[in-house]
Structure formats: structure tokens, C-alpha cells
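Listed here are the chains, written in short residue letters.
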2 protein chains.
Amino acid sequence: MNNICISLAHGNGGRLMRQLIEEIFYRHLNNGSLNIDLDAAPVKLGDGEVWVTTDGFTVDPLEFPGGNIGSLAIHGTINDLSVSGAVPVYLTLNAYIEEGLELARLDRIVASLGDAARRCGVSIVAGDTKVVGKGQGGGLYLATTGIGLRMPGLRLGMEYIEAGDAVLVSGPVGDHGAAVMLAREQFGMRGDLASDSAPVFALAQALMTFTGLRFMRDPTRGGVATVLHEIVRITGCGIRLRAAAMPVREQVQSVCDILGYDPLYLACEGRVLAVVDANQATDALDLLRQTEGGAGAAVVGSIEPRGPVVVETEFGGERILQELEDDPLPRIC
Amino acid sequence: MNNICISLAHGNGGRLMRQLIEEIFYRHLNNGSLNIDLDAAPVKLGDGEVWVTTDGFTVDPLEFPGGNIGSLAIHGTINDLSVSGAVPVYLTLNAYIEEGLELARLDRIVASLGDAARRCGVSIVAGDTKVVGKGQGGGLYLATTGIGLRMPGLRLGMEYIEAGDAVLVSGPVGDHGAAVMLAREQFGMRGDLASDSAPVFALAQALMTFTGLRFMRDPTRGGVATVLHEIVRITGCGIRLRAAAMPVREQVQSVCDILGYDPLYLACEGRVLAVVDANQATDALDLLRQTEGGAGAAVVGSIEPRGPVVVETEFGGERILQELEDDPLPRIC
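Novice: For this particular structure, what's the right way to read the overall build of chain A?
Specialist: Summing up its helical and strand segments, chain A has 8 helices and 14 strands in all. Counting only residues that meet the buried cut, chain A has 62% of its 333 residues in that class. Here the analysis covers contacts within chain A between residues at least 6 apart in sequence; of these, 85% occur between residues at least 24 apart. About 12200 Å² of surface is accessible on chain A, with carbon and sulfur atoms providing 48% of the total. Positive and negative side-chain charges of chain A, numbering 26 and 41 respectively, have mean locations separated by a distance of 3 Å.

So, in C-alpha cells, the structure goes:
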């Protein structure tokens, strides 16, 4: 394309929009099943329950250590299917592009999105782009909708959680939130911390080999604390966490100490929080640690008959983990 | 909710976000199959080919005569499935909400979205909301992804278009574009023109009773002209339009005359452009006219062996219909 930046005419349905779609989106995302001339696309589904999820992405900055909004948009939606016990198969993509975005930047991001999709084995089967005026968008917003297949009869969900179960996380928490924070120039801080943005499919599949697996979730926006609060709210159980057992990178803790955040509220984008029958927790932990992305897995707490989310501090005290109120970090994912 | 406007904390994954989702989105969109506590949702699909489509919506203003961004987001995606020959079954929804949007307005829009979905017989099975800072969004952007079922073996698509076929439209063109334009205060014009935003499912199903139906599309962004250009580009055929036969409301033509637009480039949001075997064109036209939303249908042109898109003017002349270049109307859908 001759132009260097996105103009409103890239969104008008005419020639420039077609060029944008062909030369950036189709070029990076073509997979044999993407037909940009269709209004809707057929998908072939094998046997199994069909599961659907959708997620929007507004991360600022668009590119950050460890990823960008493109790879994030693939991992985020694939991870929602993975922790639901489904195998991700197809994705659709929406892009809201702000006038003035550099085409080279868009190209990098869509290339990264295409790479991530290929690595995860999913096909992008439909998409749509819209261009909005300068000052009406944050550079680029994406949404992906995922379709996956799940084995029928799988007993997986919050309703299977029981008092006495163990709570596991698959690795250090808060990396994504802290990395994005550092990448924002407003904080005037620098570090070599990278987002954990990655597919959790292999971790989820490893956990699914255990009959005692009750529930999985990827603790993104709102962090581990928000997932735990949802468990408490929906099941009526309580949760007891051991702060000393919670894996947090030293750099993440430092950033939090300086800025006054709690890593438990920071987003992860490549972790699984799982609830497992306590009798199988050690075996599940061992398998997680042998699985790609799971080296830092830990058993971090247990499900209690009732009560709030309680954290046993490293100094022998206890504190109640509150539900997130103010937003520490808008546009984190 | 106590608050009157959206704040960044409505997007943080915590309590306020949950309230927003429960009290606005879930309240209007619950349909028995929407579970806001799941990461992904199972869908039951009957027999047939599974077809998928997705569309983003950025219309400005958010509310306009004849609809709002909520109803538009349902109709737009349902229509893409309908003109593909599929029966729409499920939708997912993404919302990007700008800090400062009045909650009452969001409530009206989501209510309208829920109504439209119910009227169209589709279930919203998954959703996601993100809040972006003031000045980083246009109030509200939506995306919907649709899943539908299509009869296997259906012969429908541009590849079936032949020279000699007739081109039909199901009603007056350009209503949506002109109505949205008038609704923008910047033009200082007023009128009682309403958007044609509506489901085209019944129209598409009526056309599908004809073995001579080759192709359907809803001419949204870029209007009828853009659909015709796509046909020419992909099939290599030409198209001859008769301007006198093209249904355009007098008010739409007046607005276009004043502002210097051509109605053929203006978006429709409740029309079908169809290509039909010329031998069945009269019967197809009759049936369209008896179908809800098709009273103003017309045969407007024919497919030629080759050449560009030519318009026979009402005064006996001819002009070539150019591909859309500059955007006449950003954020039209």
C-alpha cells in the first residue's frame, strides 16, 4: 500500500478497505479456509459438544514485552476454550482500527496474530474491520470469538468444587499486568519483565487427565483474586490461600511494592488456576511442572466449607482478600 | 447501579463490572442459555452445515431514527448469515464501552439488542465487555459473531452467477446511510427518514425457494455499488443497471443531491441484493413484494458477459459506476 497510516477511507467498504484486508489481514491470516469474499463461512465440526467464547482486547500499549494485542487476542480466546475443557478449532476476528495507526505497526500485529493462531492450530474463518476517527479509539481494538469441541460428559465446572479440594496455579502470577504496566511510559519505570501471554492448552489438557480435576480458569483481568471471588460467590465455599506458596516473580513483587498493587489482582495471560481433588493435587502438580509453561506451578491453597477468601500471610497472620473495586489498570488486556 | 455514567472501574473484572453485566447485559439478554459465569458456553447444533460470520459496529450517533447500535448489531450479523443461505441460531457479543457513557443510554441500547435478538429467534450465548478511557472510544462499539445452519448442497454463491441473470434489490436503497447522516447534527439537516435496519431472513428464505437464485448479499457499508463491484471483480462479468428502476426514496435522493452523495454508495441495513436466473426474476420479484420488508423490491439490472458496472441514466445516457474511494461516511455501521 502507498499509504503509511490508516485513513478513514480504509474503512469505507471500497478499494482501500479491500487492499487493507488483502495486503495485511488476508496475507497473514490465510490458512486455506479463510475466504474474504464471503459474508459468512462454513466450518466443519467433528464429533463433540460445540463450545463458544468471545473476548475483546484493548491493551495499551499495543505492543509490550512478551507479545502484542495480536498474539494476546489469540491466546486469550483459545485459553477460555482450553480451561473450559474444549479443543479450540476456529476463530473469528474483529478489528477496530483508529485513523492514524501506522500500517507497519498493524502489519506486525496481524502477523503476530497469524503466527499465534498457526502455533495454536486454530483457523481464522471470518473477520471484519472497522476504521474509527482519530481520538475515537486506542489505536487498535480486537475481538476474537472461538469455537471449540469438548468431549461429551466431561465433569468440569465450578459445581464440582468441594471443600477440601486443592487450589493450584500453573506458574508465577501477575506477569502480564506488571509487564504492561512497565511498558507504559507514564510510570517512568523500566525492567526486563515480559508478559506471560501464551496458550494454556497443553496445561489444561495435562490437568484433564486427572479424574479429580474440578475446575479451571485463566486468571486474566482482575487476576487470581477475581477468580477466587467468583468461586466463593458461586459455590458458597470459602478459600484459604498461603501467601508463601503463591509464585510471584521478584520483579513483579517489586513493581507492586513501588506502585502499591497486589499481584493477586494483576492479570495473567498464560496461567491456569485449577481446583483439584486434594488426593490428586501432588500428581497434578508434578505433571503440570513437566508440561510446557508449567515449570513454576504450585499448590497455593484449599477450598474451605464456607467463608471469604483468606490469605495466610508469610508472617503467620491472616487477611481477607477483598473483591476488586477501583481499576488499578484499565486496558490491561 | 448507583452510578449514572460508565467509569473505568466498570471494566476491571471486579464488583462493578459484574454489576454492569448482571444489571444491564444479563437482564436484557438472558434467554435461558446465557450463563455469565462461564468462560465458554456449549451450543447445540442440529443437522446442517455450520456457518460463521462476524461484524463490528461503530455507528455514530449510537441512536438514530429506526434503530440504534444494539439492534443494528443483531440485524447486521443475522443478515450476513441469512444472505449466505443459513438460518441464524447463536450470537456472541463484544462491547467496548467508553468511560462516561450514560448508563441509561447503554441500558436502552442493550434492551434494544435483546429485543432484536428475540424477534430474530437467536440466542446470545457468550459475551465480553471492555471499558476504555474517555477519548479512546466512540461511546460504544459492538461486535457480534453469528453461528447458523445451512442446508447441505445449497448452490448459492457468486460462482453461480451467469451472464443474462437479473439483479434485484428488495427495497429502496440508501435509507440507513441517509438516516444516519441526517441524525448527525453536523449536517444541520432534519428529516423524518428512518434507517431500514431490519432482519432480511424472511426475504432471503423467500428467494431461496427459487432454483434460479444464484447469489444474495446485504449491501451495507459501501452500498449497492460496492456489492456490484465485488461481483464484477470476482466473476469477471459486467453489470448493467437501469437508474430509473433503482428504488430510492425521494428524501434520500434529496439528501444526496444537497450533500453531493450517490445513493448507490450509501449503506442499507435491511435490504437484499440478489442475482436470479432471468427466467425466474418476475416470480422472484412477486414473492419478494409479498414478503415482509420487500414491498419496494425491483429488478434493477442484468449481468453482462464482461465489462464494468454501467448505469443507464434516466435520460438515455450511460455512466460507469466507479469503485468507492474516499469515505463519504465513516462510522455508518
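Novice: Before we go on, may I ask you to explain the nonpolar core in this structure?
Specialist: Burial of nonpolar side chains together is a common tendency in soluble globular proteins. Grouped together as the largest cluster of nonpolar side chains are 47 residues, with contacts concentrated most on Phe25, Ile97, Leu106, Ile124, Leu140 and Leu142 of chain B. Those elements giving two or more residues to this core turn out to be helix H1 (15–29), helix H2 (69–83), strand E5 (86–98), helix H3 (103–120), strand E6 (123–132), strand E7 (140–150), helix H4 (175–183) and helix H7 (250–259) of chain B. Contact partners of leucine 142 of chain B, with chain neighbours within four places excluded, come to Tyr96 of chain A together with Asp55, Gly56, Phe57, Ile69, Gly70, Ala73, Leu93, Asn94, Ala95 and Leu113 of chain B. Grouped together as the second largest cluster of nonpolar side chains are 46 residues, Ala73, Ile109, Val180 and Leu266 of chain A included.

Novice: Explain the relation of the copies chain B and chain A to me, please; I cannot follow it from the model alone.
Specialist: What relates the two chain copies is a rotation about an axis together with a slide along it. Rotating chain B by 180° and moving it 0.0 Å along the rotation axis overlays it on chain A with an RMSD of 0.0 Å. Interpreted geometrically, this transformation is the action of a two-fold axis.

Novice: Would you take a moment to explain the sheet that holds strand E14 (residues 318–320) of chain A for this structure?
Specialist: Sheet strands associate in pairs through backbone hydrogen bonding, adopting either a parallel or an antiparallel arrangement. Residues and elements named next belong to chain A. Strands sit in the order E9-E11-E8-E12-E10-E13-E14 across an open sheet of 7 strands; the sheet is mixed. In this open sheet, the two edge strands, each paired with only one partner strand, are strand E9 (213–217) and E14. Each neighbouring strand pair of the sheet contributes to a mean axis angle of 25°, computed without reference to strand direction. Summarising the sheet, strand E10 (residues 238–242) and strand E12 (residues 298–304) pair through 4 bridges and their orientation is antiparallel. Its bridge partner being in E12, arginine 240 is matched across the sheet by serine 302. Here helix H8 (residues 281–290) sits on the sheet in contact with strand E8 (166–169), strand E11 (273–276) and E12, set at roughly 5° to E8.

Novice: Even after reading the chapter, I still don't get the interface of chain B and chain A, so can you show me in this structure?
Specialist: Interfaces are often described in size by the accessible area the parts lose on coming together. At the interface, 68 residues of chain B touch 68 residues of chain A. Between chain B and chain A, a total of about 5600 Å² is buried, with carbon and sulfur atoms accounting for 50% of that surface. Where chain B packs against chain A, one counts 6 salt bridges. Between glutamate 22 of chain B and arginine 233 of chain A there is a salt bridge; the shortest N-O distance is 3.8 Å. At the boundary of chain B and chain A, one finds 25 residue pairs in polar contact (both at pLDDT 80 or more). Only H1, strand E1 (41–43), strand E2 (49–57), H2, E5, E6, E7 and helix H6 (223–235) of chain B provide two or more residues apiece to the side of chain B that touches chain A. Tallied by class, residues from the side of chain B that touches chain A come to 29 nonpolar, 20 polar and 19 charged. Here strand E2 (residues 49–57) of chain A pairs with E1 of chain B via 3 bridges, running antiparallel. Bridge pairing links valine 52 of chain A to alanine 41 of chain B in E1 of chain B.

Novice: Quick question: what am I supposed to make of H7 of chain B here?
Specialist: Two residues of an α-helix separated by three or four positions point the same way, owing to the 3.6 residues in each turn. Residue and element names in this part refer to chain B. Of the residues making up H7, those classed as buried are Val252, Val255 and Cys256. Viewed end-on, H7 has its buried residues packed into an arc of 100°, placing them on one side of the element. The outward face of H7, more than 90 degrees from its buried face, is lined by the exposed residues Glu250, Asp257 and Ile258. Buried residues along H7 sit against H4. Looking one or two residues past H7, glycine 260 carries a phi angle of roughly 80°, positive in sign.

Novice: Sorry, what's going on with the sheet that holds E7 of chain B here?
Specialist: Spatial ordering of the open sheet is given by E1(A)-E2(B)-E7(B)-E5(B)-E6(B), a layout of 5 strands whose pairing is mixed. Whereas interior strands pair on both sides, the edge strands pair on one side only; in this sheet they are strand E1 (41–43) of chain A together with E6 of chain B. Neighbour-to-neighbour, the strand axes of the sheet open up by a mean angle of 25°, direction not taken into account. Of the strands in this sheet, E5 and E6 of chain B are in contact with H1 of chain B, which crosses E5 of chain B at around 150°. The sheet strands contacting H2 of chain B are E2, E5, E6 and E7 of chain B, and the helix crosses E2 of chain B at an angle near 145°.

Novice: Just checking my understanding: could you explain the pattern of salt bridges for this structure?
Specialist: Two side chains with opposite charge may pair up if their charged atoms get near one another. A full pass over the atoms with the stated rule returns 40 salt bridges over all chains. For arginine 240 of chain A, the salt bridge is made with glutamate 318 of chain A, and the minimal N-O distance between the two is 2.8 Å. Note that arginine 240 of chain A is positioned in strand E10 and glutamate 318 of chain A in strand E14, a separation of 78 residues in sequence. Overall, the relative accessible area of 24% leaves arginine 240 of chain A in the partly exposed class. Given the relative accessible area of 53%, glutamate 318 of chain A is considered exposed. Note that aspartate 128 of chain B is salt-bridged to lysine 130 of chain B, the shortest N-O span being 2.8 Å.

Novice: I tried to follow the pairing of strand E11 (residues 273–276) of chain B on my own but got confused; where do I start?
Specialist: The side chains of a regular strand alternate, first on one face of the sheet and then on the other. Residue and element names in this part refer to chain B. Residue alternation in E11 divides its side chains into two sets, Leu273 and Val275 and Ala274 and Val276, and both sets are buried. Note that strand E8 (residues 166–169) and E11 share 4 bridges and pair antiparallel. Paired with alanine 166 across the strands is valine 276, a residue of E11. Examined bridge by bridge, strand E9 (residues 213–217) and E11 share 4 bridges and lie antiparallel to one another. Residue pairing for E11: phenylalanine 215 is matched across the bridge by valine 275.

Novice: Any chance you could explain unusual backbone geometry here in plain terms?
Specialist: In most cases, non-glycine residues show a negative phi, while peptide bonds are predominantly trans. Residue and element names in this part refer to chain A. Backbone torsion omega between aspartate 60 and proline 61 reads 0°, so that peptide bond is classified as cis. One non-glycine residue with positive phi stands out, namely arginine 331, at about 55°. As for its placement among the helices and strands, arginine 331 is situated in the segment after E14.

Novice: Just checking my understanding: could you explain the packing of helix H2 (residues 69–83) of chain A against helix H3 (residues 103–120) of chain A for this structure?
Specialist: Relative orientation and spacing of two packed helices are given, respectively, by the angle between their axes and the distance between those axes. All names here are of chain A. Orientation of H2 relative to H3, taken along the N-to-C sense of each, is 30°, at an axis distance of 6 Å. Taken together, the axes of H2 and H3 lie roughly parallel to each other. Side by side, H2 and H3 meet where Ile69, Gly70, Ser71, Ile74, His75 and Ile78 of the first sit next to Ile109, Ser112, Leu113, Ala116, Ala117 and Cys120 of the second. Its residues assigned to classes, the contact of H2 with H3 shows 8 nonpolar, 4 polar and no charged.

The rules behind the values
- Residues numbered from 1 in each chain as written.
- Chains lettered and ligands numbered in written order.
- Predicted model: local features only at pLDDT ≥ 70, side-chain atom pairs only at ≥ 80, totals over all residues.
- Heavy atoms only, no water.
- Helix = DSSP H or I, 4+ residues; strand = E, 2+ residues; numbered from the N terminus.
- Buried < 20%, exposed > 50% of the residue type's maximum accessible area, 1.4 Å probe, protein only.
- Contact = heavy atoms within 4.5 Å.
- Areas by Shrake-Rupley, 256 points an atom, 1.4 Å probe, with all protein chains shown as cover.
- Lys, Arg positive; Asp, Glu negative; His and termini not counted.
- Charge placed at Lys NZ, Arg CZ, Asp CG, Glu CD.
- Core = buried A, V, L, I, M, F, W, Y, C linked by side-chain atoms within 4.5 Å.
- Least-squares fit on C-alpha atoms with pLDDT ≥ 70 in both.
- Pairing = 2+ DSSP bridges.
- Axes fitted to C-alpha atoms, helices over the stretch in contact; angles between N-to-C directions.
- Buried area = accessible area lost by both parts, 1.4 Å probe.
- Salt bridge = Lys/Arg side-chain N within 4 Å of Asp/Glu carboxyl O.
- Polar contact = N/O pair within 3.5 Å; in protein donor to acceptor, adjacent residues only side chain to side chain.
- Nonpolar A, V, L, I, M, F, W, Y, C, P; charged D, E, K, R; others polar.
- Arc of directions from axis to C-beta.
- Parallel < 35°, antiparallel > 145°, perpendicular 65-115°, else oblique.

Just distances and angles here, no functional claims.
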